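Remarks on the overall topology
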Amino acid sequence: MFATFTSAVTAGEADVVDVKIVAETGGTYRFDVTVEHADEGWEHYADQWDVLDDAGNVLGSRKLLHPHVNEQPFTRSLSGVSLPDGLTHVTIRARDSVHGFGGREVTLPIPGRGDG
């Protein structure tokens, strides 16, 4: 089971442009997150994305270890993310090495929970 969200992007900070949430065996989830950013090299690139609960607590984080200058947008996954019981939505945010967080975030339902 999975959920997906896609939207248009704007230039500037790192933007989340697509998210797929896949329920894994054992009650954890895999997040496939697509980020778009005008990476310029090691001095300025998208370097992380996070999974947040409704209170802004980080539930999972994927470090991006190198620039993706010639691969835009790009998708990276994070498996084994445990989500608290009762949580029905998550927010995904991305950051870049110059501006930090601040680009487009995506909030979406968790598959199989509540209205997800």
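Right above here is the structure, for reference.
Let us look at the structure shown here. (Residues numbered from 1 in each chain as written. Predicted model: local features only at pLDDT ≥ 70, side-chain atom pairs only at ≥ 80, totals over all residues. Heavy atoms only, no water.)

1. What to know about the packing of aromatic side chains
Scanning all chains against the criterion turns up 1 aromatic pair. Across from the ring centre of Phe-101, 3.7 Å away, lies the NZ or CZ of Arg-93, which sits over that ring. (Phe/Tyr/Trp six-rings, centres within 6.5 Å; stacked < 30°, edge-to-face > 60°. Lys NZ or Arg CZ within 6 Å of the ring centre and 35° of its normal.)

2. Side note on the nonpolar core
Membership of the largest hydrophobic core comes to 23 residues, with the highest contact counts inside it found for Val-19, Phe-31, Trp-49, Val-90 and Ile-92. Of all the elements in the fold, those that place two or more residues in this core are strand E2 (15-23), strand E3 (29-36), strand E4 (46-52), strand E6 (74-81), strand E7 (89-96) and strand E9 (106-109). For this core, the element with the highest residue contribution is E3, accounting for 4 residues. Residues within four places of Ile-92 in sequence aside, it is in contact with Val-16, Val-19, Phe-31, Val-33, Trp-49, Asp-50, Val-51, Glu-105, Val-106 and Leu-108. (Core = buried A, V, L, I, M, F, W, Y, C linked by side-chain atoms within 4.5 Å. Buried < 20%, exposed > 50% of the residue type's maximum accessible area, 1.4 Å probe, protein only. Helix = DSSP H or I, 4+ residues; strand = E, 2+ residues; numbered from the N terminus. Contact = heavy atoms within 4.5 Å.)

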